[in-house]
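Survey of secondary and tertiary structure
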Amino acid sequence: MTSHTLNELIAEGVRGRYILVRSDLNVPLDGSTVTDDGRIKASLPVIEKLSDAGARVLVTAHLGRPKGAPEAKYSLKPAVARLAELAPFKVRLAEDTVGDSAKELAGSLDDGDVLVLENVRFDARETSKDDAERGAFADELVALTGDNGAFVDDAFGAVHRKHASVYDVATRLPSYQGDLVHTEVEVLRKLTTDTQRPYVVVLGGSKVSDKLAVIDNLLGKADTILVGGGMLFTFLAASGYKVAGSLLEADQIPVVQDYLKRASDAGTAFVVPTDVVVASRFAADAEHEVVAADAIEDSSFGAAGIGLDIGPVSAAAFAEQIKAAKTVFWNGPMGVFEFEAFSAGTRAIAQALTETPAFTVVGGGDSAAAVRTLGFEDSQFGHISTGGGASLEYLEGKDLPGLSVLDR
Ligand code: ADP
Ligand code: MG
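Attention here is on the structure that accompanies the text. (Residues numbered from 1 in each chain as written. Chains lettered and ligands numbered in written order. Predicted model: local features only at pLDDT ≥ 70, side-chain atom pairs only at ≥ 80, totals over all residues. Heavy atoms only, no water.)

Another point: the layout of surface pockets. There is about 290 Å³ of room inside the second largest pocket. Ala42, Leu180, His383, Ile384 and Thr386 are, among the 17 residues lining the second largest pocket, the residues nearest its centre. The set of elements that each furnish at least two residues to the lining of the second largest pocket consists of helix H2 (38-52), helix H7 (179-190) and strand S17 (383-384). A per-element tally of the lining of the second largest pocket places H2 first, with 5 residues. For the lining of the second largest pocket, the residue count by class is 6 nonpolar, 5 polar and 6 charged. When residues of the lining of the second largest pocket are assigned to domains, at least three map to each of domain 1 (6-178) and domain 2 (186-396). (1 Å grid on protein atoms, 1.4 Å probe; cavity = no way out; pocket = protein on both sides within 12 Å on 5 of 7 lines; lining within 4 Å. Points joined across faces, edges and corners; volume = space filled by probe spheres on them. Helix = DSSP H or I, 4+ residues; strand = E, 2+ residues; numbered from the N terminus. Nonpolar A, V, L, I, M, F, W, Y, C, P; charged D, E, K, R; others polar. Domains from an automatic or database assignment.)

In C-alpha cells form, the structure reads like this:
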C-alpha cells in the first residue's frame, strides 16, 4: 500500500496549476458560530503548503447532511470565515459547487490563492450510489482544474465514503495523499499492527450498535476494553442486570453476550463499570446519585432513573488501567459530558490519557469535542483523530475507498 504524497506533488511543481484539495471542514456549528475549529486547524497546513508553492487551490468539503440541494444552514460560510481568520493566504468561498460562481471565481485565481467551493453535498450526485451520476459530478469538479490539474485528498474524516469528491475525482486526476490523511493512517496502523502492549481501548458514546463492528475486530487485539457511555447499559443488561430508564439497545444484548463469551478465549478483558451516576431525568439540572451498577433500579428514582455517567470508583479504576498501558485508543465519551454534572467520568479518562506514558489516540467527533470543551489541549494527547467514522472503519479492518483509490 503506497500512495503518492503531497511532497512528491510539490516537488513536481505546482506553480500556476489548479490543485483540487478535498478537506474535512465538517465542524460543529451553533447557528453560524464554529464551536470546535479542530478540523479547520488540521486542514490548514496542506492548503498552506500548496498556496506557498504557488498553486491555485480549489478546496472541496462537506458540512452536515444536506439532502442534495443547497440549504443555508449547511453553508460552508462559517467554516470558511474561520479558515480565513487563521490563514495567511487569500481565501474566498464560491456561492455554488460547480456552477457559475465556482467557474468565475476559479478563473480569477492568482497563484497562491485559495477558493473553497460550496458544500459538495448541495449536489445530490456527490453521494449517489450510481457510478455514472457520481462520475458526471466528478467530471465537473475536475473540469475546474483545467488540463494540468491534480487531486490531493486530505479529508481523513471522509475516506470511508465512496463519494464523488473523495473517490471519483481520484480516478480522473493524478492523485496524492495529503499530510493529514498520511498522519492519520500512520497512527491507526500503530493501533492495528505491532501494537505496544498493554493495549487498552476505552469505548463509550451513545450507541453500542455503532461500535459493534469495531469491538468484534478488537477482540484478540486489545488486552482490555473499558466500557462506558450509553453502551455500558447494554453490557450490564447482557450480564442480567436491570438498568431502569437508561439507554438500552435490547436487540443487541445477544451480540454483546456473544462478545463477552468470546472475550476470554481471545485474550481480551472487558471491564464494565461497578458504579454509575443515575439521574432523575435527562437534564443538566436533574437530581442524581451514585449507585452500584448492579442496583440501578434501587436508586431513589426507581425504574425512572437514567444512568448518565460512570461512577467515581469506576472512573478511578479505568484511569489506573490507562496509566499502566503502553497504547490507549479512546472512542466515545463516558457520560453525557455536555451536562457539567455528568462530565466527571469523561474528564477522568481525558486526564488519565494526559498522564499515562502510553501512546494515546482519541477518535470520534464527540470525543475530540469533549476533550476540548473540558479544557484540555490537543498537544496533551498523542493524536486526536479528525475522523470519527473513518477511524472506526479502519479499526474494523474495512477497505476504505478514499484510501485504496490513492494506492498504485
Ligand atoms: P463519538 O462521536 O466520539 O464517536 P458518539 O457519537 O458515539 O461519540 O457518542 C457521543 C454522545 O454519547 C455524547 O453526545 C454523549 O452525551 C452521549 N452519551 C454518553 N453517555 C451517555 C449515556 N449514559 N446516556 C446517553 N447518552 C450518552
Ligand atoms: Mg458522534
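With that out of the way, let us pick up the sheet that holds strand S9 (residues 199-203). Spatially, 6 strands are ordered S11-S10-S9-S15-S16-S17 in an open sheet, and the strand pairing comes out parallel. The two strands at the open ends of the sheet, each matched to only one other strand, are strand S11 (269-271) and S17. Where S9 and strand S15 (residues 327-331) come together, 5 bridges link them in parallel fashion. When the sheet's bridge partners are listed, Val200 is paired in S15 with Val328. Seen against the sheet, helix H8 (residues 208-218) touches S9, strand S10 (224-227), S11 and S15 and runs at an angle of roughly 165° to S9. (Pairing = 2+ DSSP bridges. Contact = heavy atoms within 4.5 Å. Axes fitted to C-alpha atoms, helices over the stretch in contact; angles between N-to-C directions.)

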